[in-house]
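Each chain, letter by letter, is given below.
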Amino acid sequence: MSTIFVIHENDDWLPPFAEALDAEGVPWEDWSLVEGSLDLGAAPPEGVFYSRMSASSHTRGHVASKDYTRSVLSWLESHGRTVVNGRRVLELEMSKVDQHAALRAFGFDVPHTVAVIGRRDLRERARGMDLPFITKHNQGGKGLGVRRFDRYSDFDDHIDGPDFEHPVDGITLLQEYVHPAAGYITRVEIVGGEFLYALTADTGSGFELCPADECADDSGFELCPTDAGPAKGLFHWREGFDDPLVGRYLEFCRFWDIGVAGIEFIETAEGRRVTYDINTNTNYNPVVEQEAGRSGPAAVARHLATLARRLDAGQLAGSAG
Ligand SMILES: Nc1ncnc2c1ncn2[C@@H]1O[C@H](COP(=O)(O)OP(=O)(O)OP(=O)(O)O)[C@@H](O)[C@H]1O
Ligand SMILES: [Mg+2]
């Protein structure tokens with residue numbers, strides 16, 4: 001059977017996928033893209049490639065991983081390899097501006113957002129935002145740079161103060177604060193063109209709500225809700241979520257050839273459903289998965305194994321979702 005190559009940069013996030021791929025009985029290889037080299041004259045190995053490169057790779061000191069992955073995916077696709085979450089999807093992962101543009105063009109309700117490149121326009125552009133508003137990094141992940149401001153003067157103090165974090169790509173987003181009426185956001189998990197489940201994340205205790213990375217500070221994986229700790233209880237299966245929005249997300253993923261994603265939205269008191277985040281290296285929370293009775297890593301492994309079988313049967317060409 002064809003080999004599955006898992007492209008990533010975070011060893012801590014790999015074990016659930018390693019276990020699931022082993023359980024699926026498929027040969028697979030770990031391609032950790034942190035530092036290395038690439039012979040552009042060589043042909044890549046045959047197989048199915050799955051990228052779970054993360055937008056927050058730089059926070060782990062892996063500053064070259066983004067461009068390393070861009071290079072590798074371009075090379076793979078130029079050889080017609082089957083890639084799940086390929087070159088174009090990487091750009092969505094790395095840029096919330098890209099996500100916003102793609103979501104808006106598809107007809108989703110998106111939060112009013114201004115991208116500020118560099119620092120010069122921050123203060124002036126903030127004055128154009130209704131209060132409250134939030135900031136976030138364009139290349140985000142684990143809630144990087146997400147802060148709420150209720151007064152313009154607080155924002156001024158913040159950008160001049162020591163807590164201001166420079167976004168790695170120089171782009172800070174100023175975004176409409178969308179109040180979650182019921183106190184939670186919803187994330188819709190999609191694997192291989194199918195809806196897996198939806199989960200809620202309580203918003204009462206802050207903004208850094210990646211379900212496997214609530215440990216968003218430097219303490220690393222130990223505090224991750226995948227184990228327990230303070231984040232336990234923040235995330236729950238959204239039972240019976242059966243909404244036309246799911247079908248629209250599936251269409252969106254088909255259009256962009258996104259194989260694996262968690263898409264987040266907020267419901268307001270006025271009945272708006274505002275989509276604000278696409279995670280294409282989604283991590284899965286065991287508490288939620290126990291409640292839902294479904295496993296993200298198992299679904300991903302099954303999807304990749306199916307593609308490998310189709311590749312072996314000569315049924316695949318080019319990239320696949
Ligand atoms: N426009 C908004 N209005 C209100 N709350 C928001 C808004 N955007 C984001 N949030 C809150 O901040 C959290 C983090 O924001 P977002 O998901 O955009 O950042 P991220 O860096 O991609 O984080 P993650 O990797 O945890 O998904 C969200 O889960 C949500 O609770
Ligand atoms: Mg998010």
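The structure we're discussing is the one just above.
This report concerns the structure included in the present document. Being a predicted model, the structure only gives us computed values, none of them experimental.

1. Remarks on the site of ligand 1
For ligand 1, the set of nearby residues contains 23 residues, the closest of which are Lys96, Lys136, Gly141, Lys142 and Asp277. Protein burial of ligand 1: of its 600 Å² of free accessible surface, 98% is covered by the chains. Contributions of two or more residues to the shell around ligand 1 are made by β6 (133-137), β8 (171-176), β12 (260-267) and β13 (273-279). Counting residues per element, the shell around ligand 1 draws most heavily on β13, at three residues. A per-class count over the shell around ligand 1 returns 11 nonpolar, six polar and six charged. Built from parts of two domains, the shell around ligand 1 gets at least three residues from each of domain 2 (98-109 + 180-294) and domain 3 (113-176).

2. Regarding the environment of phenylalanine 241
Along the chain, the position of phenylalanine 241 falls in the loop between β11 (235-237) and α7 (244-256). On the basis of relative accessibility, which here comes to 10%, the residue phenylalanine 241 falls in the buried class.

3. Examining the environment of arginine 148
Relative to the elements of secondary structure, arginine 148 occurs in strand β7 (residues 147-149). Sequence separation of arginine 148 and proline 180 is 32 residues, and the distance between their C-alpha atoms is 14 Å. Here the side chain of arginine 148 touches aspartate 150 through a polar contact of 2.8 Å, side chain to side chain.

4. Considerations on the coordination of the magnesium ion (ligand 2)
Around the magnesium ion (ligand 2), the protein supplies Glu264 (OE) and Asp277 (OD) as donor atoms, at distances of 2.1 to 2.3 Å. Taken as a pair, glutamate 264 in strand β12 and aspartate 277 in strand β13 lie far apart in primary sequence, 13 residues in all. Each member of the pair, glutamate 264 together with aspartate 277, is buried.

5. A look at the pairing of strand β9 (residues 184-191)
Of all the eight residues making up β9, seven are buried; the element is thus mostly covered by neighbouring parts of the structure. In this structure, β9 lies alongside strand β10 (residues 194-202), joined through eight bridges in antiparallel fashion. Residue glutamate 189 lies in a different strand from β10, and its bridge partner there is tyrosine 197. Linking β9 to β10, which pair antiparallel, is a turn of two residues; within it glycine 192 sits at a positive phi near 55°. The pairing of β9 with β12 spans six bridges and is classified as antiparallel. Its bridge partner lying in β12, valine 191 is registered against valine 260.

6. Brief notes about the packing of helix α1 (residues 15-24) against helix α9 (residues 296-312)
At a minimum axis separation of 8 Å, α1 and α9 run at an interaxial angle of 50°. By the angle class used here, α1 and α9 are oblique. Note on packing geometry: the crossing formed by α1 with α9 is right-handed. In this structure, α1 uses Pro16, Phe17, Ala20, Leu21 and Glu24 to contact α9, whose residues at the interface are Pro297, Ala298, Val300, Ala301, Arg302, Leu304, Ala305 and Arg309. Its residues assigned to classes, the contact of α1 with α9 comprises 10 nonpolar, no polar and three charged.

7. Overview of the side chain of threonine 275
Tracing the backbone through its elements, the reader meets threonine 275 in strand β13. Residue threonine 275 is classed as buried on the basis of its relative accessible area of 1%. For threonine 275, the side chain forms a polar contact with the side chain of tyrosine 249, separated by 2.7 Å. Setting aside chain neighbours within four positions, we find threonine 275 in contact with Leu103, Phe108, Asp109, Val110, Pro111, Tyr249, Ile263, Glu264 and Phe265.

Calculation rules
- Residues numbered from 1 in each chain as written.
- Chains lettered and ligands numbered in written order.
- Predicted model: local features only at pLDDT ≥ 70, side-chain atom pairs only at ≥ 80, totals over all residues.
- Heavy atoms only, no water.
- Near = heavy atom within 4 Å.
- Areas by Shrake-Rupley, 256 points an atom, 1.4 Å probe, with all protein chains shown as cover.
- Helix = DSSP H or I, 4+ residues; strand = E, 2+ residues; numbered from the N terminus.
- Nonpolar A, V, L, I, M, F, W, Y, C, P; charged D, E, K, R; others polar.
- Domains from an automatic or database assignment.
- Buried < 20%, exposed > 50% of the residue type's maximum accessible area, 1.4 Å probe, protein only.
- Polar contact = N/O pair within 3.5 Å; in protein donor to acceptor, adjacent residues only side chain to side chain.
- Donors = N, O, S within 2.8 Å, 3.2 Å for Na, K, Ca; no water.
- Pairing = 2+ DSSP bridges.
- Axes fitted to C-alpha atoms, helices over the stretch in contact; angles between N-to-C directions.
- Parallel < 35°, antiparallel > 145°, perpendicular 65-115°, else oblique.
- Left-handed = near helix turned anticlockwise from the far one by under 90°.
- Contact = heavy atoms within 4.5 Å.

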